[in-house]
Structure formats: C-alpha cells, structure tokens
Number of protein chains: 2
Amino acid sequence: MPVNIKDVAKEAKVSMSTVSRVINNNYPVKEETRKRVEAAIEKLKFSPNVLARALINQNTKTIGVLVPRIDNLFFPTVIKAVETSLKDSGYSIYLCDTGDKADQEVMYINSLMARQVDGIISIDPKTENIKSGFYEDVSKDLPLVCINGYNKNIKCNFVLNDQESGTRQAINYLLELGHKNIIFVKGRKSYSYDLKKDVYIDILKEHKLLKNKHIVDVGQGNSYETVYVTMDIMIKELKNVSLPTAVFACNDLMALGVLNACKRLNYEVPKDVSIIGFDNIVISSLVEPQITTVDQNMYRLGESAAKMLLDVIKDENQQTSIIRLNTKLITRDSCRRV
Amino acid sequence: MPVNIKDVAKEAKVSMSTVSRVINNNYPVKEETRKRVEAAIEKLKFSPNVLARALINQNTKTIGVLVPRIDNLFFPTVIKAVETSLKDSGYSIYLCDTGDKADQEVMYINSLMARQVDGIISIDPKTENIKSGFYEDVSKDLPLVCINGYNKNIKCNFVLNDQESGTRQAINYLLELGHKNIIFVKGRKSYSYDLKKDVYIDILKEHKLLKNKHIVDVGQGNSYETVYVTMDIMIKELKNVSLPTAVFACNDLMALGVLNACKRLNYEVPKDVSIIGFDNIVISSLVEPQITTVDQNMYRLGESAAKMLLDVIKDENQQTSIIRLNTKLITRDSCRRV
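Residues numbered from 1 in each chain as written. Chains lettered and ligands numbered in written order. Predicted model: local features only at pLDDT ≥ 70, side-chain atom pairs only at ≥ 80, totals over all residues. Heavy atoms only, no water.

### Digging into the packing of helix 9 (residues 163-176) of chain B against helix 10 (residues 191-206) of chain B
Residues and elements named next belong to chain B.
- Between helix 9 and helix 10, the least distance of the axes is 9 Å, while the angle of their chain directions is 40°. It follows that helix 9 is oblique to helix 10 by the angle criterion. Note that helix 9 runs across helix 10; the crossing there is right-handed. Here helix 9 contributes Gln 163, Glu 164, Thr 167, Arg 168, Ile 171, Asn 172 and Leu 175 to the contact with helix 10, which in turn contributes Ser 192, Leu 195, Lys 196, Val 199, Tyr 200, Asp 202, Ile 203 and Glu 206.
- Tallied by class, the residues present in the contact of helix 9 with helix 10 amount to six nonpolar, four polar and five charged. (Axes fitted to C-alpha atoms, helices over the stretch in contact; angles between N-to-C directions. Helix = DSSP H or I, 4+ residues; strand = E, 2+ residues; numbered from the N terminus. Parallel < 35°, antiparallel > 145°, perpendicular 65-115°, else oblique. Left-handed = near helix turned anticlockwise from the far one by under 90°. Contact = heavy atoms within 4.5 Å. Nonpolar A, V, L, I, M, F, W, Y, C, P; charged D, E, K, R; others polar.)

This is the structure:
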C-alpha cells in the first residue's frame, strides 16, 4: 500500500496539516517538529506532495476532460479509457460535464487553465467553439486533443472515427442480404447525419436504387428521448411500407426506437424488418433480438486521445495531427437475408 | 465569458507562462513585465490562479470522487449529480475509476490526499475497506462521504437508499395485483440481495404464502453479463412454472434478462409473466414493454452526498451522519392484474 500523508503524520506524531506545512513550506513550523516530519518522510519513503511538486516542476499532473453529458451511454466508456490510459503516467483527471452547452465549455476550459492543467481532452466539442477559433487558440497555449468535432480548417489535434466507411459497410451489408428497400433514419442536422446521408445516397446511386430512397428525420439527436420519438414516428412510417424491409439508423438509440416500433406493430425482427444501428452502445447487445450495429470504438477513441495528448505534452512544438479510427460492423441478430 | 490566463497574456503582450510566473511568484520576471501583467490582471478583473490560491488558503477546491466502474448504467448519473452540485460552490472533481478493486480504492485515496483534496466521495466503497476501518481512519483526517456500503459499526458519513421499504413496496404491489406465485431473482451473496431476500420471505410469511417461495440465484452481480446469464437461467426456470406468474428481480439488469427469457419462450409480458425490477436504470424505460421498477434516486444520492460533504467541509468537527433516501415504485407496463 502506498504511503500517504496520514502515515507520515502518524509516524511523526503530528497532525496531517503540520506535515502539509512542512512539505509546502508555506507556514511556520517549529524546527524540532520539521525535523521529525522530515525523518518520517525519509523513513517511510514518502514521495512529496503533488501540489507542491506542481509549483516546482511547472506541471500539475492533471488533465481536464470535457464531456457534453456524462449520464449518456456513449461517453462513460470514452472517459474510462482516458482515465485508465493516463493513470499509468501519474495523471489524474478533472471531469467537467458541460451539459452540451458552448458557453459552459468555454467556462470550464478557462477554469481548467486557471488550475494549470497539463492538457485538455474535449469530447464532442461544440461546433460553435471549433468554428470561432476558440479551440485553435487554446491549443496554441496548451496541449489539447478533441475527440470528434473534426473541422479541416482548424489547426487542432483530433481523434475521430471513420464514420463514412462504417456507414458504407453497414448499408452494403443490407444490400448483400438482398434488401432493396432501405429506410434511412437520421436526426436533426449535424455533421455526422449529413455525412451518413451522403453515403446512403451515393450507394443508392451506385446500385441504381435512388427511386427507393426513403429518409426519415426524427428531429432528435443522441438522447434517451430519441428512442421514444423514433418509435412514434416509425410506427407511422412502417405501416406504409411493404414488408420485408430494412432500416439503417444513424445511431443505436434510433435503432432501438425502430425495434420498439416493430414490437408495437407486431412486426417480427428480423423476419419482417431488418435493423442496423450505429455506435455499438451497450444497450444494443442487451435487447432481444440483439441489434447489428457499427462499432464506434469508444474505448479506443479515449485511449488514442490520451496517448496523443501525452505525446503533445512531451513535445509541445509538434504539428497538430489527426487520428482516424476504423469502425467495424458487428453482426448480431437483427438482420436477415431476403 | 470569464477572463482566463490567456486573455491576460494577450492584454499584457506576454506568454501564458509569464503570467503564471507573476501570479505564482515562483520564477524571476522583469519588473517592467510584472507591472504590465499586474495592470492586465487589474484591467480584466482576472481572479488569480486556483493553484496559487490553494497554497495560500489551504484549500484546493477539489473533491475526489471514487467509482467502481464509470462505464456502468448506474454510476454516471450519481457522478453527474455530484459534479453539478459541487460546481456552484467552485469545486472541481477528480474522477477515479477503481475497477471495483479494494487495493485500487486505497491507492486512489492516498493519491487524492497527496493532491490535498478538500474532501472525498466514495461510491459503493468496498466492504473490505469499510470493515478494516480504513474509511473510518480517513474520515478522521478528511471530509468523507460514502454512497452506499453502510455498516452500522463504522463511524463514517453515509448516504444510502432505503432498499428495504423499496422491496416491500414492490412485492406488495405484485400481491395487490393478485399474484400468489412470485419468483425472487437475486445475485451472488451481497448485503443488498440478502436484505431484499429477507423482506421477500417476511412478506410471504405474513401472507401465509411461504410454500410458494421460489428463489433463483443467478450467481451474478450488477454487470451487463448479468442480462445474458439471467436470461439463460430463467429460460429453464420459467418452463417449469404454471403461468401467469410474477418475477421480482433484485436489479433492472436481471429484470431485463427475465424479459429477454420471456421473449425467447414466446411468453408475453405482462400477459403471461409480470416483471418488476429495481434501480430504475435508464434501460428499464427504453425496452418494450417498459419495466416497472423501484427508483433508486441515483441523482438524489449524488446530490445529497455532495451537500453533505460541503457541510462537513464547513464544519470539520461535526458528528458523522447518515442520510437514508426513500425509494419509489415506478409503475410502467411490465405488470398486470391476474
């Protein structure tokens, strides 16, 4: 068990705050007491206080992590990966939940800078703050890595998934299973939905299936509410299509909404409707039938961002870079050959 | 937008590290430069660096939060509540994922003490560390609140749910719906399962239904694996009971496993089988049919722990205390009258 300040206090028969004063050298301590504390530190091989070290070494061994919503099925896995990857290098993380608000993001980054963090990882940074150049500015002064939110005009370090090839893989899989009618379910305008929609249309064109284009916009993003809204909308949509059909949903919460809609309509999945999701959030494997989806590598996203940040911290002058991770189709039980 | 160290640097036309040197007064800076930085600080009304303040005020405005697994459906909500509640008082949180290991818990607490946190919240602390007196020792030196893990022999601050009355409410609800055969599904030995089992047996005795006692131990805890294991075991169990029947599951993941078992057996929920869960994790409301469950108040648990910790920080001499939150039955669509 590592030695802590409490053990030193016990050994030296003083209070913890006295030990702290000796280490930080910021309040007067009797010479005799100081010697006793120093002897205890020596005897127990206690490594001195991180805070005091921070002011000496000019690094705090802390990393700020910004997340839009921690109570979400996607982000906790990313954070776990970041925490685990940084721990071995002695870093602790400050966790900041921005509530998906651009002004909170700025507020937190300022607060993290005031705390002299050694670096920042921002998960799904707000487009406003990317476009305004805020992130580019910050990254000139402080090691910074963004997970997603990529913008080619901004000089920043990015780690992201190759959503384009993931979408292509998923839709091609449905075509290979013989589906010619593929409904595309998306949320309100976002970079990710637009990119996926373009792939969908491109593939339909390639296969001369553009006449079968069927796009449903559920007007929602990536929240639990999405499941209910998608279900309601898809109950109406599915009534008007000839079965069997296939659905590509832009995320797993939408896919779950489609699955629930099928249950309400007494349509069997995958017999009547094949469903494919995106993200591979845990819930997609816990429902019956388990949903076929595209793995977003949430753990690898966090891990890669942490490693990249450590590299940037080591060498502050390096060029900004982009890591694009491959996604992977996870075939489960929600699709079948027609 | 709050002023940050970067704004000061820009205003004073110096680098960020120069501003930091002036504030921390730890490296030589030219007098003329120092004056310019000070003028910029004055002009922009920049509040000085948190780290420097920490050494002066003897508080770091940081709280350590320990969690067994952040990538779990239960804990992120608790953490969100803690973070949100502490933010307004100017605290940042250090997030530590212990991987549900007792030695990691000790390691992290030592590391947090070395970082001079102002307090610690430990979510689901390991029984070993509670019983060994480790937590009692730590809480003598540092404001500490445990969420769950209650042990009446240990002097510590605890926030927990009244699981006993929650279980009673759920089982009585099934009885009121006319169910006389209630299967009790639990995991491997733990304080929480034992407590719930005692309530189950007591109620059966009160209603002279002890002959109908049917306990299934799925040998699992509160992990995603639980869903699959419960499904497999319950497929066998449910084949041998006369329908309709009811199932009380000790947590929602088990309840979901029971629901999936019913689907595999083509049993309708709630027509053939009524299911009631515990915890109210988000997934219980996202499946079809939505699962009736007992709300564990995850947000309120975190909020109460944060408030309690702030109280302890303000008055370090106060007695340890216990907050027991009431649970609440959330009736949804997985139970019906027989």
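Picking up where we left off.
### Side note on the sheet that holds strand 2 (residues 92-97) of chain A
- Ordered in space as 11(A)-5(A)-4(A)-3(A)-1(A)-2(A)-2(B)-1(B)-3(B)-4(B)-5(B)-11(B), the twelve strands form an open sheet in which the pairing is mixed. This sheet does not close on itself; its edge strands, each paired only once, are strand 11 (322-325) of chain A together with strand 11 (322-325) of chain B. Each strand of the sheet is rotated relative to its neighbour by a mean of 20°, with strand direction disregarded.
- Examined bridge by bridge, strand 4 (residues 144-147) of chain A and strand 5 (residues 157-161) of chain A share three bridges and lie parallel to one another. (Pairing = 2+ DSSP bridges.)

### Points about the domain arrangement of chain A
- Partitioning chain A into structural domains gives domain 1 (1-58) and domain 2 (163-296).
- Between the C-alpha centres of domain 1 of chain A and domain 2 of chain A the distance comes to 60 Å. (Domains from an automatic or database assignment.)

### Quick word on the sheet that holds strand 9 (residues 273-276) of chain B
Residue and element names in this part refer to chain B.
- Strand order in the open sheet made by the four strands is 7-6-8-9, with parallel pairing throughout. Of all strands in the sheet, those with a lone pairing partner are strand 7 (214-217) and strand 9, marking the two edges. Neighbour-to-neighbour, the strand axes of the sheet open up by a mean angle of 20°, direction not taken into account.
- Pairing geometry for strand 8 (residues 245-249) and strand 9, over four bridges, is parallel. Residue Phe 248 lies in a different strand from strand 9, and its bridge partner there is Ile 276.
- Sitting on the sheet, helix 9 is in contact with strand 6 (182-186), strand 8 and strand 9, with an inclination near 175° to strand 8.

### A word on the interface of chain B and chain A
- Chain B puts 68 residues into the contact, and the matching count from chain A is 68 residues.
- Approximately 6,100 Å² of surface area, both sides summed, lies buried where chain B meets chain A, with 58% of it carried by carbon and sulfur atoms.
- Our count for the contact surface shared by chain B and chain A stands at six salt bridges.
- Across the salt bridge formed by Asp 97 of chain B and Lys 80 of chain A, the nearest N and O atoms sit 3.1 Å from each other.
- Among the elements that take part in the side of chain B that touches chain A, helix 6 (residues 102-114) of chain B stands out by supplying eight residues, more than any other.
- Taken together, the residues of the side of chain B that touches chain A break down into 35 nonpolar, 18 polar and 15 charged.
- As defined by bridge partners, strand 2 of chain A adjoins strand 2 (residues 92-97) of chain B across three bridges and the pair is classed as antiparallel. (Buried area = accessible area lost by both parts, 1.4 Å probe. Salt bridge = Lys/Arg side-chain N within 4 Å of Asp/Glu carboxyl O.)

### Observations concerning the packing of helix 11 (residues 225-239) of chain B against helix 12 (residues 252-264) of chain B
Residues and elements named next belong to chain B.
- Put simply, helix 11 and helix 12 touch, their axes get as near as 7 Å, and they point 50° apart. In terms of their interaxial angle, helix 11 and helix 12 are classed as oblique. Crossing hand, helix 11 versus helix 12: right-handed. Taking contact as the criterion, the partners of Thr 226, Val 227, Thr 230, Met 231, Met 234, Ile 235 and Leu 238 in helix 11 are, on helix 12, Leu 253, Met 254, Leu 256, Gly 257, Val 258, Asn 260, Ala 261, Cys 262 and Arg 264.
- When grouped by side-chain class, the residues that make up the contact of helix 11 with helix 12 number eleven nonpolar, four polar and one charged.

### So, unusual backbone geometry
- Going from Leu 243 of chain A to Pro 244 of chain A, the amide bond is cis rather than trans, its omega being -10°.
- Here Pro 244 of chain A lies in the loop between helix 11 (225-239) and strand 8 (245-249).
- Phi at Lys 208 of chain B is positive, roughly 50°, even though this residue is not glycine.
- Inspection of the secondary structure puts Lys 208 of chain B in the loop between helix 10 and strand 7.
- Note on Lys 208 of chain B: relative accessible area 71%, which makes it exposed. (Buried < 20%, exposed > 50% of the residue type's maximum accessible area, 1.4 Å probe, protein only.)

### So, the side chain of His 179 of chain A
Residues and elements named next belong to chain A.
- Mapped onto the elements, His 179 comes out in the loop between helix 9 (163-176) and strand 6 (182-186).
- A relative accessible area of 4% means that His 179 is categorised as buried.
- Within polar-contact distance, the side chain of His 179 engages the backbone oxygen of Arg 336 at 3.0 Å.
- Other than its neighbours up to four places away in sequence, His 179 contacts Leu 174, Thr 245, Ala 246, Ser 274, Arg 336 and Val 338. (Polar contact = N/O pair within 3.5 Å; in protein donor to acceptor, adjacent residues only side chain to side chain.)

### Comments concerning helix 12 of chain B
Residue and element names in this part refer to chain B.
- Helix length check: helix 12, at 13 residues, gives a terminal C-alpha distance of 18 Å against a target of 18 Å (1.5 Å per residue), a fit within 8%.
- Those residues of helix 12 that fall on the buried side of the exposure criterion are Asp 252, Leu 253, Met 254, Ala 255, Leu 256, Gly 257, Val 258, Leu 259, Asn 260, Ala 261 and Cys 262.
- Those residues of helix 12 that are buried are in contact with strand 6, helix 10, helix 11, strand 8, strand 9 and strand 10 (293-295).
- For helix 12, the N-terminal capping position is held by Asn 251, with its side-chain oxygen 3.0 Å away from the main-chain nitrogen of Leu 253. (Expected span 1.5 Å × (residues − 1).)

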